Amino acid sequence: MADRADHIVIVEALTSGTGLRLVEAAVRRAARVTFVTRDKGRYANDPLRHLLDSGPIEVHVRETRSTEELTELFQELWDGGEFTLIAPNEQYLLPAATAAEKLGIPFLPTASVLLTQDKHAFRQACAAESVPAPRSTAAPDVERALAAAEATGYPVVLKPSIGTGSYGVVSAADADELRWHFPEVRDESDGQGGVPLVEEFLVGPVVSAEVLYSGGVPHVLGISDRIMSELPYFMELAIRFPVDLSPEAHERIERICADLARLMSYENGPAHIEFALTADGPKVVEFNPRFAGRNVSTMVSAALDWNVFDGVIASYLGEPVNAPAPVGAAAEQALYAKRGGRFEDVAGRELADRVPGLRDIRITARAGDVLPDAKDQRSEYGTLWCTGATADEAGIRAASAAGYLRPVFGD
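In this numbering scheme, every chain counts its residues from 1 along its sequence in written order. Local features are withheld for residues below a pLDDT of 70 in this predicted model, meaning they are given only at 70 or higher, and side-chain atom pairs are given and counted only at 80 or more; totals for whole chains, interfaces and linings count all residues. Excluded from the side-chain calculations are hydrogens and water; all other atoms, namely the structure's heavy atoms, are used.

Participant: Could you give an account of empty space enclosed by the protein, naming the residues involved and the relevant values?
Facilitator: The definitions used throughout rest on a 1 Å grid laid over the protein atoms alone, on which a cavity is an enclosed set of points accommodating a 1.4 Å probe that cannot get out and a pocket is an open set flanked by protein within 12 Å on both sides along at least five of seven lines; lining residues are those having an atom within 4 Å of a point. Grid points are joined across faces, edges and corners, and a volume is the space filled by probe spheres set on the points. Summed over the entire model, instances satisfying the criterion amount to one cavity of 30 Å³ or more. In this structure, the largest cavity encloses a volume near 100 Å³. In terms of lining, the largest cavity is formed by Leu14, Thr18, Leu22, Pro88, Pro270, Arg290, Phe291, Ala292, Phe309, Val312 and Tyr316. By definition, any uninterrupted DSSP run of H or I lasting at least four residues is a helix, any uninterrupted run of E lasting at least two residues is a strand, and each is numbered from the N terminus. At three residues, the largest contribution of residues to the lining of the largest cavity is made by helix α11 (residues 308-316).

Okay, here's the thing in structure tokens:
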């Protein structure tokens, strides 16, 4: 059988942020790369789209949401020799894991995938293993939500047990606010197949550890912070990398990252782990078995002057991660319209382009898109990011560039 490093199979990619850069890194490393997608058109706007059209990659078009189709393909590929399986897009992680488990192909266990996707199950698992995380109660109806909030103590956080992008996540300062927001959270939960949760409100700044695991050992590349919106919503407005925390905070975060590897049976690969820095120490908000979205992976590469995608491939292969220390910093600013409307264009770009350190402005909304009022990621119309000598310098540059931009709406 061939060595698993000789053949890398990647099921889908992110359609924003990282995109096909991970595929490009796999080509640099492996003799054979197979990419599986349900539609090549999903990557029509990716700058590396040519890899799927004329590059040294085998492209298989399959229904990547189907366990059956992936099982059939994986069996065919495995018969020709072992391979390393990667599924960087969470939407396709469970079908890939289920197919791999059926065939005995090394991959993240399905039980672990379910923990990453079900916030309530994840909270219960953390509590059972004494991993610090917020208290959480499932509340299918408003009466049980009120009882849970009373037991937890106001303010509380309401959120769907399944979902991303802060969709349906809201705080409630008292029973009246809970009653007001609960239908919104319940509807979002129903749409995702989950259940509303009532969680402890963690007071303190939100940060993320950008981690590469190899053999179950975490290598923390650095900590990024999160500038959040005003309550009651939890929109991520800006991100800076790397930020300096106390040695004690770094040590506790690294220890929790190691505990999570055991809890999640997570051996190899990247992780984006969110924490709230409370008075009692860091508490885990989310564990994502992938690198951070949007521009964060590119920002990490710039701050470290090191191609992080090569490191991600090495971590998937279980090899040592030899990332350098940061030599600079980067910051991202999300672009939101405070009030919704029919998006047409962006004004002010000629000024934003002149901000020192600006690396990219990416407008994701298209003319004619209807953006909702700002309360979660669905009202975002784009992002930008800047570099600087420090996280503060990069951050104020990004905020300055964002301040020059404004969405133009139609009637």
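Participant: Tell me about the pattern of salt bridges, and name the residues and values.
Facilitator: Close approach of charged atoms allows side chains of opposite charge to pair. Salt bridge, as used here: a side-chain nitrogen of Lys or Arg that lies within 4 Å of a carboxyl oxygen of Asp or Glu. A complete count under the given rule lists 29 salt bridges for this structure. Close ionic contact of aspartate 176 with arginine 179 constitutes a salt bridge, the shortest N to O distance being 3.4 Å. Highlighted residues: aspartate 176 and arginine 179, both in helix α8 (residues 175-192), separated by three residues, approximately one helical turn. Here aspartate 176 falls in the exposed class, since its relative accessible area comes to 58%. Members of the salt-bridge network, linked through shared partners, are Arg226, Glu236, Arg294, Glu332 and Glu380. Burial classification: accessible surface area is computed with a 1.4 Å probe over protein chains only, and a residue below 20% of its type maximum counts as buried, one above 50% as exposed, and the rest as partly exposed.

Participant: Could you give an account of the packing of aromatic side chains, with specific residues and numbers?
Facilitator: We call Phe, Tyr and Trp rings a pair once their centres come within 6.5 Å, taking the six-membered ring for Trp, and we label the pair stacked below 30 degrees between planes, edge-to-face above 60, and tilted otherwise. The tally for this structure, following the rule as stated, stands at seven aromatic pairs. Aromatic pair tyrosine 213 and tyrosine 266: ring centres 5.3 Å apart, planes at 85°, arrangement edge-to-face. Placement of the pair is tyrosine 213 in strand β9 (residues 206-214) and tyrosine 266 in the loop between α9 (247-264) and β12 (269-278), with a sequence separation of 53 residues. Overall, the relative accessible area of 0% leaves tyrosine 213 in the buried class. Charges are assigned to positions over rings by a cutoff of 6 Å between ring centre and Lys NZ or Arg CZ, combined with an angular limit of 35 degrees from the ring normal. The cationic tip of arginine 378 hangs over the ring face of tyrosine 167; the distance from NZ or CZ to the ring centre is 3.8 Å.

Participant: Describe the layout of surface pockets, listing the residues and the values that go with them.
Facilitator: There is about 420 Å³ of room inside the second largest pocket. Among the elements of the structure, β14 (329-336) and α13 (391-404) are those that each provide at least two residues to the lining of the second largest pocket. By residue class, the composition of the lining of the second largest pocket is 15 nonpolar, three polar and two charged. Charged means Asp, Glu, Lys or Arg here, nonpolar means Ala, Val, Leu, Ile, Met, Phe, Trp, Tyr, Cys or Pro, and polar covers whatever is left, Gly included.

Participant: Describe the sheet that holds strand β17 (residues 370-371), with residues and values.
Facilitator: Ordered in space as β17-β15-β19, the three strands form an open sheet in which the pairing is antiparallel. Of all the strands in the sheet, the pair left with one neighbour each is β17 and β19 (406-409). The pairing criterion is simple: DSSP has to find at least two bridges between the two strands. Pairing of strand β15 (residues 341-347) with β19 involves four bridges; the strand directions are antiparallel. Bridge assignment links phenylalanine 343 to a residue of β19, and that residue is phenylalanine 409.

Participant: How would you summarise the nonpolar core if you had to cite specific residues and measurements?
Facilitator: In these notes, a set of buried Ala, Val, Leu, Ile, Met, Phe, Trp, Tyr and Cys residues joined through side-chain atoms within 4.5 Å is what counts as a nonpolar core. The biggest cluster of nonpolar side chains holds 49 residues, and the ones touching the most others in it are Phe74, Tyr213, Cys257, Leu260, Ile273, Phe275 and Phe287. With seven residues, α9 is the largest single contributor of residues to this core. If we skip the residues at most four places from it in the chain, phenylalanine 275 touches Pro205, Val206, Val207, Ala209, Ile253, Ile256, Cys257, Pro282, Lys283, Val284 and Val285. Counting 39 residues, the second-largest nonpolar core is a separate cluster that includes Leu22, Ala26, Val33 and Ile86. It only takes one pair of heavy atoms within 4.5 Å for two residues to be counted as in contact.

Participant: Lay out the sheet that holds strand β3 (residues 58-61) with the relevant residues and their values.
Facilitator: The pairing of strands in a sheet comes from backbone hydrogen bonds and takes either a parallel or an antiparallel form. Taken together, the four strands give an open sheet; going across it, the order is β3-β2-β1-β4, and neighbouring strands pair in parallel fashion. Unpaired on one side and paired on the other, β3 and β4 (84-86) mark the two borders of the sheet. Across the sheet, the mean angle separating the axes of adjacent strands is 20° when strand polarity is ignored. Both strand β1 (residues 7-11) and strand β2 (residues 32-37) contribute to a ladder of five bridges, which runs parallel. If you follow valine 9 over to β2, its bridge partner there is threonine 34. Think of each axis as a best-fit line through the C-alpha atoms, taken over the contacting stretch in the case of a helix, with angles from 0 to 180 degrees between the N-to-C directions. Sitting on the sheet, helix α1 (residues 21-29) touches β1, β2 and β4, and the angle it makes with β1 is about 170°.

Participant: Now, about a negative patch on the surface: what can you tell me, with residues and values included?
Facilitator: Each patch groups residues whose relative accessible area exceeds 30% and which form no salt bridge, using 9 Å between like charges and 5 Å between nonpolar side chains of Val, Leu, Ile, Met, Phe, Trp and Tyr. The Shrake-Rupley method, run with a 1.4 Å probe sphere, supplies the accessible areas, and residue values consider only the shown protein chains as cover. Counting rule applied: Lys, Arg positive; Asp, Glu negative; His and chain ends not counted. To locate a charge, take NZ of a lysine, CZ of an arginine, CG of an aspartate or CD of a glutamate. A cluster of acidic residues, Glu68, Glu69, Glu72, Glu76 and Asp79, forms a negative patch on the protein surface. Mapped onto the elements, glutamate 76 comes out in helix α3 (residues 67-79). The exposure class assigned to glutamate 76 is partly exposed, which follows from its relative accessible area of 44%.

Participant: I'd like a description of the pairing of strand β11 (residues 236-241), backed by residues and values.
Facilitator: For strand β10 (residues 217-228) and β11, the ladder comprises four bridges, and the chain directions are antiparallel. Following the sheet pairing, arginine 226 is matched in β11 by isoleucine 239. As defined by bridge partners, β11 adjoins β14 across four bridges and the pair is classed as antiparallel. Counted as the bridge partner of arginine 240 is alanine 331 from β14.

Participant: Describe the side chain of serine 136, naming the residues involved and giving the relevant values.
Facilitator: Position of serine 136 relative to the elements: it lies in strand β5 (residues 136-138). Pairs of N or O atoms are called polar contacts if they sit within 3.5 Å, as long as, within protein, a hydrogen donor faces a hydrogen acceptor (for residues adjacent in sequence, only side-chain-to-side-chain pairs). At 3.2 Å, the side chain of serine 136 forms a polar contact with the side chain of glutamate 199. Contact partners of serine 136, with chain neighbours within four places excluded, come to His120, Arg123, Leu197, Val198 and Glu199.

Participant: Account for unusual backbone geometry, naming residues and giving values.
Facilitator: Residue proline 232 is reached from leucine 231 by a cis peptide bond, and omega for that bond is 20°. Structurally, the position occupied by proline 232 is in the loop between β10 and β11. Cis geometry is adopted by the peptide bond preceding proline 242, which originates at phenylalanine 241 and carries an omega value of -10°. In this model, serine 130 sits at a positive phi of 60°, which is unusual for a non-glycine residue. Structurally, serine 130 is set in the loop between α6 (119-128) and β5. Positive phi, close to 55°, is recorded for serine 265, a residue that is not glycine. In this structure serine 265 comes out as partly exposed when scored by relative accessible area, which is 37%.

Worth remembering: the numbers are spatial, not functional.
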